Amino acid sequence: MATNRVQFQRGLSMSEFFERYGTEDKCRQALEAARWPRGFACPACGGAARSVFERGGMRYWQCAACPHQTSLTSGTIFQGTKLALRVWFQAMQLLTQSKNNVSALELRRQLGVNYHSAWLLKHKIMQAMRLTEDGRELDGRVEIDDAYLGGERSGGKRGRGSENKVPFIAAVQTTPSGKPIVACLRAQPHTIEQVGAFAATHIAPTATVISDGLSCFRATALVGAEHQRVVTGGGKASVERPEFKAINTLLGNLKTAITGTYHAFDFTKYAHRYLAEFQFRFNRRFNMRTIFHRLLRSMLQAPPTPEPAIRTAEACT
Ligand SMILES: [Zn+2]
């Protein structure tokens, strides 16, 4: 069973983690190898020739072909950090290997940093996950549904139209027999325009989309995806329909992962990132041994994002 494959696979154990990334030096080496897998490449000109020097305890790479100097972290989401790399790595390990989401408060306890640092760590890591998942496109058989963050979902559609909840669209690509493969979750209103925008970005024109009767999901037809509408009467029965098993399981897992982990306030402000965090992990749930390294690469590809940018709320439009 797929669930067991996920639950019983070998992840990156804590002892392996500390063997690989237990010291600042090891983290630096891992970062360098992940950033320049084929050796140094100048971020400005791509040149390979360089010299290395140290200044103020920091190591810099000086390109031989142009005046560009770079540190290991400059130009990445690690840029400007005052925290040790091994603290970052430990946060990344906790966020990728835990079954459920890990709050900033929990990070603070586990890492021994203050709450402000823990919160920023968490949100910068989530931001990198989000950028990696931004272009996710689903194809084949796709179940799609509307849902709300921060509210009850059991009982079907009770959340629809509720105040103080964040509406989002959830879609999951499955095998022909309905086993979930990859998912895409986006915080946005359930209007025809917004579902159309979601479909244009995240659903391939060749996909077969299965949704319930909510009219806005007809918008998926706009991008050419064959839209198979399964009309449900709402309530508990609709949640149990086999056509929607993958999406309902996914929404159930999302709820379990976040229940009791976060404050409702954070949801309304940073829903995009919380959903992306769940999505990043879900889409790599069969690869628990490589998910850490994949996250490391995402962190290196994410541009520097200073605290004011991290704290800016994004409207769910
Ligand atoms: Zn250069």
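Summarised in this report is the structure supplied together with it. All values reported here derive from a predicted model rather than from experimental measurement.

Topic: the packing of aromatic side chains
Any pair of aromatic rings gets described here by the distance separating the centres and the angle formed by the planes.
And then number 1: All told, the structure shown has 12 aromatic pairs when counted by the stated rule.
And then number 2: Between Tyr-21 and Phe-89 the ring centres are 5.3 Å apart and the planes differ by 65 degrees, which places this aromatic pair in the edge-to-face class. Highlighted residues: Tyr-21 in helix 2 (residues 14-21) and Phe-89 in helix 4 (residues 85-97), separated in sequence by 68 residues. The same class applies to Tyr-21 as to Phe-89, namely buried.
And then number 3: Feature note: the residues Phe-17, Phe-18, Tyr-21, Phe-89 and Phe-292 constitute an aromatic cluster, connected by ring pairs.
And then number 4: The ring of Phe-280 carries Arg-284 above its face, with NZ or CZ at 3.9 Å from the centroid.
And then number 5: One Lys or Arg, Arg-311, reaches over the ring of Trp-119 and ends 4.1 Å from the middle of that ring.

Some points on the sheet that holds strand 6 (residues 180-187)
And then number 1: With mixed pairing, the five strands of this open sheet are ordered in space as 6-5-4-7-8. For this open sheet the edge positions go to strand 6 and strand 8 (226-229), each flanked by a neighbour on one side alone. Taken over all neighbouring pairs, the strand axes of this sheet differ in orientation by 25 degrees on average, direction set aside.
And then number 2: With three bridges connecting them, strand 4 (residues 141-149) and strand 7 (residues 208-211) associate as parallel partners. Counted as the bridge partner of Glu-143 is Ile-210 from strand 7.

Remarks on the sheet that holds strand 2 (residues 58-63)
And then number 1: Strand order across the open sheet formed by three strands is 1-2-3, with antiparallel pairing between neighbours. For this open sheet the edge positions go to strand 1 (50-55) and strand 3 (69-71), each flanked by a neighbour on one side alone. Put simply, the sheet's adjacent strands are angled 30 degrees from each other on average, direction ignored.

Looking at the side chain of His-190
And then number 1: Here His-190 shows up in the loop between strand 6 and helix 7 (192-202).
And then number 2: For His-190, a relative accessible area of 15% corresponds to the buried category.
And then number 3: There is a polar contact of 3.3 Å between the side chain of His-190 and the backbone oxygen of Ala-147.
And then number 4: Here Phe-168 takes part through its backbone oxygen, which lies 2.9 Å from a polar atom of the side chain of His-190.
And then number 5: With residues near it in sequence (within four places) discarded, His-190 still touches Asp-146, Ala-147, Tyr-148, Pro-167, Phe-168, Ile-169, Val-195 and Cys-216.

Some points on the pattern of salt bridges
And then number 1: If you walk through the whole model with that rule in mind, you get 12 salt bridges.
And then number 2: Arg-109 is paired through a salt bridge with Glu-106; the nearest N and O atoms lie 2.9 Å apart. Taken together, the residues Arg-109 and Glu-106, both in helix 5 (residues 104-111) and three residues apart, mark about one turn of the helix.
And then number 3: According to the relative accessible area criterion, Glu-106 is partly exposed, its value standing at 26%.

Section: the coordination of the zinc ion
And then number 1: Protein-derived ligands of the zinc ion are Cys-42 (SG), Cys-45 (SG), Cys-63 (SG) and Cys-66 (SG), with the metal-ligand distances lying across 2.3 to 2.4 Å.
And then number 2: Bound by four donor atoms, the zinc ion shows angles of 99 to 118 degrees at the metal and therefore tetrahedral coordination geometry.
And then number 3: Mapping the donors of the zinc ion onto the primary sequence gives the spacing C-x2-C-x17-C-x2-C. Highlighted residues: Cys-42 in the loop between helix 3 (24-35) and strand 1 and Cys-66 in the loop between strand 2 and strand 3, separated in sequence by 24 residues. Each member of the pair, Cys-42 as well as Cys-66, carries the same accessibility label: buried.

Things to note about the nonpolar core
And then number 1: Counting residues in each nonpolar core, the largest one holds 41 residues, and the members touching the most others are Phe-78, Phe-89, Met-92, Ile-125 and Met-299.
And then number 2: Sort the elements by how many residues they give to this core and helix 4 lands first, with eight residues.
And then number 3: Those residues in contact with Met-299, other than ones at most four positions away along the chain, are Thr-76, Ile-77, Phe-78, Trp-88, Met-92, Ile-125 and Ala-128.
And then number 4: Leu-149, Tyr-270, Leu-275 and Phe-282 belong to the second largest nonpolar core, which has 31 residues in total.

With respect to the packing of helix 6 (residues 115-133) against helix 11 (residues 291-301)
And then number 1: Across the interface, helix 6 lies against helix 11 with an axial gap of 9 Å and an inter-helix angle of 90 degrees. The angle between the axes of helix 6 and helix 11 places the two elements in the roughly perpendicular class. Across the interface between the two elements, Ile-125, Ala-128, Met-129 and Thr-132 of helix 6 pack against Arg-294, Leu-295, Ser-298 and Met-299 of helix 11.
And then number 2: Residue composition of the contact of helix 6 with helix 11, grouped by class: five nonpolar, two polar and one charged.

Topic: the layout of surface pockets
And then number 1: In this structure, the second largest pocket encloses a volume near 320 Å³.
And then number 2: Surrounding the second largest pocket, 16 residues form its lining, Glu-24, Arg-28, Met-58, Thr-73 and Leu-85 being those nearest its centre.
And then number 3: Counting residues per element, the ones that place at least two in the lining of the second largest pocket are helix 3 and strand 2.
And then number 4: Split by residue class, the lining of the second largest pocket holds six nonpolar, five polar and five charged.
And then number 5: Shared between two domains, the lining of the second largest pocket holds at least three residues of each, these being domain 1 (2-29 + 79-134 + 283-311) and domain 2 (36-72).

Procedures and definitions
Each chain carries its own residue numbering, running from 1 in the written order of its sequence. This being a predicted model, a pLDDT of at least 70 is required before a residue's local features are given, and a value of 80 or more before pairs of side-chain atoms are given or counted; all residues contribute to the totals for chains, interfaces and linings. Calculation of side-chain values draws on the structure's entire complement of heavy atoms; hydrogens and water are dropped beforehand. Note on aromatic pairs: the rings of Phe, Tyr and Trp (six-membered ring only in Trp) are paired at centre separations within 6.5 Å, and the planes decide the class, stacked below 30 degrees, edge-to-face beyond 60, tilted for the rest. Only DSSP runs of H or I reaching four residues or more are called helices, and only runs of E reaching two or more are called strands; each is numbered from the N terminus. A 1.4 Å probe rolled over the protein chains alone gives each residue an accessible area, and that area as a share of the maximum for its type sets the label: buried under 20%, exposed over 50%, partly exposed in between. Two limits define a charge over a ring: the Lys NZ or Arg CZ must be within 6 Å of the ring centre, and within 35 degrees of the ring normal. Two strands are said to pair when DSSP picks up at least two bridges between them. Every axis corresponds to a line fitted to the C-alpha atoms, with the helix fit spanning only the stretch in contact, and the corresponding angles, defined between N-to-C directions, vary from 0 to 180 degrees. Counting of polar contacts relies on pairs of N or O atoms within 3.5 Å, with two restrictions inside protein: one atom must be capable of donating a hydrogen and the other of accepting it, and residues adjacent in sequence are counted only when both atoms are side-chain atoms. Contact criterion: two residues are considered in contact whenever any of their non-hydrogen atoms come within 4.5 Å of each other. Whenever a carboxyl oxygen of Asp or Glu lies within 4 Å of a side-chain nitrogen of Lys or Arg, that contact is scored as a salt bridge. Note that water is not among the atoms used; donors are N, O and S atoms within 2.8 Å of the metal (3.2 Å for Na, K and Ca), so sites may look incomplete. Note on geometry labels: four donors, all angles 85 to 135 degrees, give tetrahedral; four donors become square planar and six octahedral when opposite donors are over 155 degrees apart and every other angle is between 65 and 115; remaining cases are irregular. The set of buried Ala, Val, Leu, Ile, Met, Phe, Trp, Tyr and Cys residues whose side-chain atoms join them within 4.5 Å is what this entry labels a nonpolar core. Orientation labels follow simple angle bins: below 35 degrees gives roughly parallel, above 145 gives roughly antiparallel, 65 to 115 gives roughly perpendicular, and whatever is left gives oblique. Residue polarity follows a fixed list, in which Ala, Val, Leu, Ile, Met, Phe, Trp, Tyr, Cys and Pro are nonpolar, Asp, Glu, Lys and Arg are charged, and the others, Gly among them, are polar. In this analysis the probe radius is 1.4 Å and the grid spacing 1 Å, with only protein atoms considered; a cavity is a set of points the probe fits into but cannot get out of, a pocket is an open set with protein on both sides within 12 Å along at least five of seven lines, and lining residues have an atom within 4 Å of a point. Grid points are joined across faces, edges and corners, and a volume is the space filled by probe spheres set on the points. The domain boundaries here were taken from an automatic or database domain assignment.

All we've got here are geometric facts, nothing functional implied.
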